[in-house]
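Structural features, examined
The chain contents come next:
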Amino acid sequence: MMDAPLQIARILDHGSTVHGTAEVVTWTGAEPRRMSYAEVGRQAARLAHALREELGVTGDERVATFMWNNAEHLVAYFAVPSMGAVLHTLNLRLFPDQVSYIANHAEDRVVIVDSTLIPLLAKAIGAMTTVRHVVVVGGGDPAPLLAATGDRVAVHRWEELLAGRPDRYDWPEVDERDAAALCYTSGTTGNPKGVAYSHRSIYLHSLQICMPEGFGLGPTDRELAIVPMFHAMSWGLPYAAFLSGASLIMPDRFLQAEPIAAMIAAERPTLAGAVPTIWTDLLSYLDAHDVDTSSLTEVIVGGSACPPALMHAFSERHGIEVVHAWGMTEMSPLGSVSRPPAGATGEEAWRYRYTQGRVPAGVQARIVGPLGEPLPADGTSVGELEVRGPWVAARYVGDDAPDAEKFRDGWLRTGDVGTLSPDGFITLTDRAKDVIKSGGEWISSVELENALMAHPDVVEACVVGVPDERWGERPLATVVLREGAEVGAEQLRDFLAGSVARWQLPERWAVIDAVPKTSVGKFDKKVVRSRYAEGDLTVRELAAP
Ligand code: AMP
């Protein structure tokens, strides 16, 4: 067989010619902007010419983006790796000192920024020591960037930089194992860690995203990509869209329920992907407003455990099927997608859908015990999940990375705890660091949260382990109640007693306005624990039942 490298430029060429009439729609709050995939191809060529000839980007230099999900970000997604450089998606929700730490660690040379984000980048760029060029997309005033950097950094405007450049580029043949893109973990503990995706890993991962057992993307689909392009490469959706011909709908900075509902009604997506918190907000909105969501048959929910109550609500009240998926930045990110096997119907099918899903051929999984000893894939043995495969990271970027803790005998230690069934379905009970250890027994914080979120008055519930003199640790339940709801801690505990063992029922309860979230929209349990430790929560302690 021919030895053709699996490279991003091939995906770009394919999408921009064979699927040249597919489009990327960028929401603007007013009239949406539309760009055909053919035009994305032309702009990618112009950007690559500009980066090479004007900004002097060569070899595997890093070109960072500090951007929302939009057409220009998509152009950068293709231009930078196709020319042989490395795309680095910076997480704009991190603190400025974390952003500059990451940019320095990656040795970013160029940053492409949306003009609406100039004030935010200005807070970080002063400390970014390797950046020499900033490219501003849109018409904002770049003065804050210049003020922060003096003459160390040259500021360019996207439109002017690309104008008049050739709309074809002779993409070089790269080694498929070379780095194409770089993404840092959201780093809730310690410094964020860099994961370098290769051309080969992205290509193979994109194929899996398109598979029916993946997200099932095809040329008649319109994918609403809410998951940020700085969070695990938007779950691979941009590349998968160009491979399959699916159009993309990009929300830009309009991430609240109301504009998302408007996007769905106007742009008629068939598929969408986001973390559970986005869907929780959207559900409340859809319940209260008359929105035409009839185009949307399926949404992919991952990044955190999806509460079963959310799945049922979308399915039963809005005819939208929630498909649960699991993954990690270290896994490109796809690990598993929860589609019931042939023959499963009714309650049995639902039980499959609650799980984190089934691993594809490209992901090998195993469960290990405390000493790293493999446990049986029998659906009941509980341990840490380890994975390996062609789109799973083998190490982190840099010599300072804590590889020893995260990699063992060629496997990635996920830090997730759960079971693996003989037919490859993963069920996670918790993050290893979030499991509550009470009197020598383990309590799953996620199980308590899911059970609580099934209560009609509970919008969100976040459960953490807190120190307890007698038991070592006990669960603290923090809940966000529906507006006007008056349900009390005793009633919630009684409700939980219907589905949770008595000894697991929390004694400590706090009603909060909102669950604190991480930079990628997950429950931030570290913050909840520290608020409790500092006495910032009003906690009711119930007597033992
Ligand atoms: P990140 O790299 O930021 O995407 O975080 C990866 C981690 O998110 C995983 O190791 C899990 O702990 C968690 N996660 C992702 N998807 C799910 C899911 N469907 N259910 C439970 N946890 C999830």
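In this report, the structure presented in the accompanying data block is examined.

Each value, and the rule that gives it
- Residues numbered from 1 in each chain as written.
- Predicted model: local features only at pLDDT ≥ 70, side-chain atom pairs only at ≥ 80, totals over all residues.
- Heavy atoms only, no water.
- Buried < 20%, exposed > 50% of the residue type's maximum accessible area, 1.4 Å probe, protein only.
- Helix = DSSP H or I, 4+ residues; strand = E, 2+ residues; numbered from the N terminus.
- Pairing = 2+ DSSP bridges.
- Near = heavy atom within 4 Å.
- Polar contact = N/O pair within 3.5 Å; in protein donor to acceptor, adjacent residues only side chain to side chain.
- Areas by Shrake-Rupley, 256 points an atom, 1.4 Å probe, with all protein chains shown as cover.
- Axes fitted to C-alpha atoms, helices over the stretch in contact; angles between N-to-C directions.
- Contact = heavy atoms within 4.5 Å.
- Salt bridge = Lys/Arg side-chain N within 4 Å of Asp/Glu carboxyl O.

1. What about the pairing of strand E8 (residues 179-184)?
Of all the six residues making up E8, five are buried; the element is thus mostly covered by neighbouring parts of the structure. As paired strands, strand E4 (residues 86-89) and E8 are joined by two bridges and run parallel to one another. Directly across from Leu 87, in E8, lies its bridge partner Ala 181. Bridging between E8 and strand E9 (residues 194-198) involves five bridges; their strand directions are antiparallel. Bridge pairing in E9 links Cys 183 to Val 195.

2. Comments concerning the site of the ligand
Residues in contact with the ligand amount to 16 residues; listed here are only the nearest, Ala 325, Thr 329, Asp 416, Arg 431 and Lys 522. Taking Gly 303, its main chain carries an N or O atom lying 3.0 Å from a nitrogen atom of the ligand. In the environment of the ligand, a nitrogen atom lies 3.5 Å from a nitrogen or oxygen atom belonging to the backbone of Ser 304. For the ligand, the protein covers 89% of the area, taking 500 Å² as the surface of the free molecule.

3. Comments concerning the sheet that holds E8
Reading across the sheet, the seven strands line up as E7-E6-E5-E3-E4-E8-E9 and stay open at both edges, with mixed pairing between neighbours. At either end of the open sheet lies a strand with only one pairing partner, and these are strand E7 (154-157) and E9. Across this sheet, the average inter-strand angle for adjacent strands is 25°, counted without regard to direction. Here strand E5 (residues 108-114) pairs with strand E6 (residues 133-137) via five bridges, running parallel. Within E6, the residue paired with Val 111 across the bridge is Val 134. Seen against the sheet, helix H4 (residues 96-106) touches strand E3 (62-66), E4, E5 and E8 and runs at an angle of roughly 155° to E8.

4. Quick look at the pattern of salt bridges
Applying the stated criterion across every chain, the model contains 30 salt bridges. Glu 267 is the salt-bridge partner of Arg 222, the closest N and O atoms lying 2.9 Å from each other. Pair noted here: Arg 222 is in strand E10 (residues 222-225) and Glu 267 is in helix H10 (residues 257-267), with a separation of 45 residues, a long-range link. A residue is classified by how much of its surface remains accessible, and Arg 222, at 19% relative accessible area, is buried. The closest approach of N and O atoms between Arg 353 and Glu 321, which form a salt bridge, is 2.9 Å. Of this pair, Arg 353 sits in helix H13 (residues 346-354) while Glu 321 is found in strand E14 (residues 321-327), placing the two residues 32 residues apart along the sequence. Overall, Arg 353 belongs to the buried group, its relative accessible area being 12%. If you follow the salt bridges from partner to partner, you end up with Glu 23, Arg 34, Arg 222 and Glu 267 in one network.

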